[in-house]
Amino acid sequence: MQLSSKDLLGLKDLPAEEIRLILDTAEKMKVVLSSGNKKTSHLQGKSIVTLFYENSTRTRLSFEMASKFMGASSANITSSGSSINKGESLLDTARTIDMMATDIIVMRHPQSGAPHMIAPFLNASVVNAGDGMNEHPTQALLDIFTIQEKKGSLKGMKIAIVGDIYHSRVARSNIWGMQKLGADVYLAGPGTLMPKEIELTGATVCRNGAQACEGADVIMGLRLQLERQKKCLFPSISEYAAFFSVSERMMALAKKDVLILHPGPCNHGVEMPTIVYDSPQSVINEQVTNGVAIRMAVLYLLSSRRNTL
């Protein structure tokens, strides 16, 4: 089995069987990460470029490490150090990279739909590393992989996602992906940070964090994305934290073996206190490791598909 598309742009349109294919492949890649020799030849002779128009630590570094671990030639471009500052369009930049015999372009962009716009014009595969407030598929995949690794399956699970839902591409990708694997997703956040008609995705919108977390198998806190807010959407940071921080009180409402996730970076004391972040139930650091395994799997599967065409 292989991926049906040359690109990975989101989980909304990715079939459940292809999500499982990526997860199964990531399991094999994690064995490589755990070994003494992290160099493989899976991507030998391939070239991968990361094109980031926004800041990133985890996503960008994990894609770069995944490329190098598998033997690919890799390069990085940021908007501050390229011809973008000279007025070059996104499509012209992408075409330029494509014409340099690039196999895979990993792109992050502040505008929703940017990867979808360039992908049809390129021979290279395009991986969406986050587009505006739309999707962040590899983050959701690593979240799902982490849960599956600990729980065995997502089927029938109650998963609470708490915080800034409105601006969160992570939440959107997780809603699509988790539900396709049988989970029930519950959302909680201030009314001003809850997208209109989000319940049409199949997720349940809760009145408050306590309702979302009650009996939950997994609780995911989300980063409060102040940089995307054009106006004040809640009275104060302290009031937001009082109602929507993933606190010990919220954890107590969930199942005893609840998992605590956060896509990072975390604002300690706002989205969750340090005692929860570092608690035995937290798998946040494991998410980081699994991010490399997932990105290795995605790059390998896209490369393998290209080899068969």
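Everything below is about the structure shown above.
Described in the following lines is the structure provided in the data block.

Definitions and limits used
- Residues numbered from 1 in each chain as written.
- Predicted model: local features only at pLDDT ≥ 70, side-chain atom pairs only at ≥ 80, totals over all residues.
- Heavy atoms only, no water.
- Helix = DSSP H or I, 4+ residues; strand = E, 2+ residues; numbered from the N terminus.
- Contact = heavy atoms within 4.5 Å.
- Lys, Arg positive; Asp, Glu negative; His and termini not counted.
- Charge placed at Lys NZ, Arg CZ, Asp CG, Glu CD.
- Buried < 20%, exposed > 50% of the residue type's maximum accessible area, 1.4 Å probe, protein only.
- Pairing = 2+ DSSP bridges.
- Polar contact = N/O pair within 3.5 Å; in protein donor to acceptor, adjacent residues only side chain to side chain.
- Axes fitted to C-alpha atoms, helices over the stretch in contact; angles between N-to-C directions.
- Parallel < 35°, antiparallel > 145°, perpendicular 65-115°, else oblique.
- Left-handed = near helix turned anticlockwise from the far one by under 90°.
- Nonpolar A, V, L, I, M, F, W, Y, C, P; charged D, E, K, R; others polar.
- Salt bridge = Lys/Arg side-chain N within 4 Å of Asp/Glu carboxyl O.

## Overview of the overall build of the protein chain
Each helix and strand counted, the protein chain has 11 helices and nine strands in total. Taking the intrachain contacts of the protein chain between residues at least 6 apart in sequence as the baseline, contacts between residues at least 24 apart amount to 75%. The average position of the 33 basic charges and that of the 29 acidic charges among the side chains of the protein chain differ by 2 Å.

## Points about the environment of Gly191
Inspection of the secondary structure puts Gly191 in the loop between strand S6 (184–188) and strand S7 (204–205). By relative accessible area, Gly191 is classed as exposed at 65%. Sequence-wise, Gly191 and Glu271 are 80 residues apart; in three dimensions their C-alpha atoms are separated by 16 Å.

## Looking at the pairing of strand S3 (residues 104–109)
For S3, the buried fraction is high: six of the six residues fall into the buried class. Sheet topology places S3 next to strand S4 (residues 125–131); five bridges connect them, and they run parallel. Counted as the bridge partner of Ile104 is Ser125 from S4.

## Notes on unusual backbone geometry
Pro265 follows Gly264 through a cis peptide bond whose omega is -5°. As for its position among the elements, Pro265 is in the loop between strand S9 (259–261) and helix H10 (274–277). If you check the backbone angles, Ala101 has positive phi at about 60° while not being a glycine. Inspection of the secondary structure assignment puts Ala101 in the loop between helix H3 (90–98) and S3. Under the relative-accessibility criterion, Ala101 is labelled exposed at 58%. The phi dihedral of Glu197 is positive, around 60°, even though this residue is not glycine.

## Quick look at the side chain of Glu64
Along the polypeptide, Glu64 turns up in helix H2 (residues 58–69). In this structure Glu64 comes out as buried when scored by relative accessible area, which is 16%. Polar contacts involving the side chain of Glu64 include one to the side chain of Asn76, which spans 3.4 Å. Setting aside anything within four residues of it in sequence, one finds Glu64 in contact with Thr50 and Asn76.

## Here we look at the packing of helix H5 (residues 137–151) against helix H6 (residues 169–180)
When two helices pack together, their arrangement is given by the angle between the helix axes and by the axis-to-axis distance. Running from amino to carboxyl end, H5 crosses H6 at an angle of 55°, the nearest separation of the two axes being 8 Å. If you check the angle between H5 and H6, you find them oblique. The handedness of the crossing between H5 and H6 is right-handed. In contact with Pro137, Gln139, Ala140, Asp143, Ile144 and Ile147 of H5, H6 contributes Val170, Ser173, Asn174, Gly177 and Met178. Looking at the contact of H5 with H6 residue by residue, the classes come out as six nonpolar, four polar and one charged.

## Quick look at the pattern of salt bridges
This structure, assessed with the given rule, holds seven salt bridges. Between Glu149 and Lys30 there is a salt bridge, with the nearest N and O atoms lying 2.9 Å from each other. One end of the pair, Glu149, is in helix H5; the other, Lys30, is in helix H1 (residues 16–34), with 119 residues separating them in the sequence. By relative accessible area, Lys30 is classed as buried at 16%. The shortest N-O distance in the salt bridge between Arg60 and Glu64 comes to 3.3 Å. Here Glu64 and Arg60 lie together in helix H2, a separation of four residues that amounts to about one turn.

## A short note on the sheet that holds strand S8 (residues 218–221)
Backbone-to-backbone hydrogen bonds pair the strands of a sheet. The strands run either parallel or antiparallel. Pairing is parallel across the open sheet formed by five strands, whose spatial order is S7-S6-S5-S8-S9. Every interior strand has two partners, whereas the edge strands, S7 and S9, have only one. Summarising the sheet, S6 and S7 pair through two bridges and their orientation is parallel. If you follow Leu187 over to S7, its bridge partner there is Val205. Docked against the sheet, H5 engages strand S5 (158–162), S8 and S9, running at close to 165° with respect to S9.

## What to know about the packing of H1 against H5
Remark: H1 packs on H5, axes separated minimally by 10 Å, with the N-to-C direction vectors making an angle of 70°. In terms of orientation, H1 and H5 fall into the roughly perpendicular class. Crossing of H1 over H5 shows right-handed handedness. Side by side, H1 and H5 meet where Ile19, Ile22, Leu23, Ala26, Glu27 and Lys30 of the first sit next to Leu141, Ile144, Phe145, Gln148 and Glu149 of the second. Here the residues of the contact of H1 with H5 are counted per class, giving seven nonpolar, one polar and three charged.

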